[in-house]
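Survey of secondary and tertiary structure
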Amino acid sequence: MSKTSPEQNKALVLKAFDTLFNQRDYAAAERFWSDSYIQHSAHIEPGRDGLINLIRAIPDTLRYEHGLILAEGDYVIVHGRFSGHGRPAAWVAADVVRIENGKLAEHWDVLQDEATQTESKSGLPMFGNRFPA
C-alpha cells in the first residue's frame, strides 16, 4: 500500500530528475534513489551507481525538461526531453518510475531520437509545441 500520494510521487520524481540531470548534484541525487534501485533500461548499467555513473560521463551540457507527468499509486510516468548529451539529436523519453518508501526504486524507459520538422511525417513536434532548433 502506498504511503505517499500520486501528487507527492510526481513531485519526488521531478525533484530527483532535476537534481541529477540538471543540477548534477550527485550526492544529493543519491538520496532520491533507493540503495536497491532496479534499472530496466537497456542503456544504463544496473543500480543507482549505474545511473549516476552514466550521468557523470555525459557532457555537463545535459539538460532535462519534463512535459506530461502522470501518477497512479506508486508509479509515475513522465514524458521528457534529454538534450545536450553529445549526440546529434535530443532524446524524447517516457520514463516509468516505481516509488517505494519515498525513493525511486525501479525504472523503465522508452527513448527515441527527437525528429526535426523535416523528419516528422505528422508535421507535429514530438515534445512540446515546437520543433528543436
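This text follows the structure it describes.
Description of the structure in this document.

So, how was this worked out
- Residues numbered from 1 in each chain as written.
- Predicted model: local features only at pLDDT ≥ 70, side-chain atom pairs only at ≥ 80, totals over all residues.
- Heavy atoms only, no water.
- Helix = DSSP H or I, 4+ residues; strand = E, 2+ residues; numbered from the N terminus.
- Rg over C-alpha atoms; globule rule 2.2 N^0.38 Å.
- Buried < 20%, exposed > 50% of the residue type's maximum accessible area, 1.4 Å probe, protein only.
- Areas by Shrake-Rupley, 256 points an atom, 1.4 Å probe, with all protein chains shown as cover.
- Lys, Arg positive; Asp, Glu negative; His and termini not counted.
- Charge placed at Lys NZ, Arg CZ, Asp CG, Glu CD.
- Pairing = 2+ DSSP bridges.
- Polar contact = N/O pair within 3.5 Å; in protein donor to acceptor, adjacent residues only side chain to side chain.
- Contact = heavy atoms within 4.5 Å.
- Axes fitted to C-alpha atoms, helices over the stretch in contact; angles between N-to-C directions.
- Salt bridge = Lys/Arg side-chain N within 4 Å of Asp/Glu carboxyl O.

Description of the overall build of the chain
A count of helices and strands for the chain gives three helices and five strands. Sequence-ordered secondary structure for the chain, helices as α and strands as β, is α-α-β-α-β-β-β-β. Taken over the C-alpha trace, the chain has a radius of gyration of 15 Å; the compact-globule value for 133 residues is 14 Å, and the two agree within 12%. The proportion of buried residues among the 133 residues of the chain is 41%. Total accessible area computed for the chain in this model is approximately 7800 Å², and 52% of it derives from carbon and sulfur atoms. Of the side chains in the chain, 14 bear a positive and 18 a negative charge, and the two mean positions are spaced by 4 Å.

Overview of the pairing of strand 3 (residues 75-83)
For a regular strand, side-chain orientation follows a simple rule: the groups alternate between the two sheet faces. Taken together, the eight bridges between strand 2 (residues 63-72) and strand 3 define a ladder with antiparallel strand orientation. Across the sheet, residue E65 finds its bridge partner in strand 3, namely R81. The antiparallel pairing of strand 2 with strand 3 creates a hairpin that spans two residues between the two strands, and G73 there sits at a positive phi of about 60 degrees.

Looking at the side chain of E106
Mapped onto the fold, E106 is located in strand 5 (residues 103-113). Residue class for E106 comes out buried when judged on its relative accessible area of 12%. For E106, the side chain forms a polar contact with the side chain of R98, separated by 2.8 Å. Residues contacting E106, with those up to four places away along its chain left out, are Y37, I38, H40, V96, V97 and R98.

Things to note about the sheet that holds strand 1 (residues 33-39)
Ordered in space as 1-5-4-3-2, the five strands form an open sheet in which the pairing is mixed. Bordering the open sheet on either side are strand 1 and strand 2, each of which pairs with just one other strand. Neighbour to neighbour, the strand axes of the sheet diverge by 25 degrees on average, direction disregarded. Pairing of strand 3 with strand 4 (residues 91-100) involves eight bridges; the strand directions are antiparallel. Paired with I77 across the two strands is V96, which belongs to strand 4. Here helix 1 (residues 6-22) sits on the sheet and contacts strand 1, strand 2, strand 3, strand 4 and strand 5; the angle it forms with strand 2, its principal contact strand, is near 160 degrees.

Topic: unusual backbone geometry
The phi dihedral of R24 falls on the positive side, at around 55 degrees, and the residue is not glycine. Looking at the element boundaries, R24 is found in the loop between helix 1 and helix 2 (26-30).

Notes on the pattern of salt bridges
Throughout the structure, instances matching the rule amount to seven salt bridges. Note that D60 is salt-bridged to R24, the shortest N-O span being 3.7 Å. Of the two residues, D60 sits in the loop between helix 3 (47-57) and strand 2 while R24 sits in the loop between helix 1 and helix 2, which places them 36 residues apart along the sequence. Owing to a relative accessible area of 69%, D60 belongs among the exposed residues under this scheme. Here E100 ties to R98 by a salt bridge, and the two come within 2.9 Å at their closest N and O atoms. Note on R98: relative accessible area 15%, which makes it buried. It is possible to trace a salt-bridge network through shared partners that takes in E65, R81 and E114.

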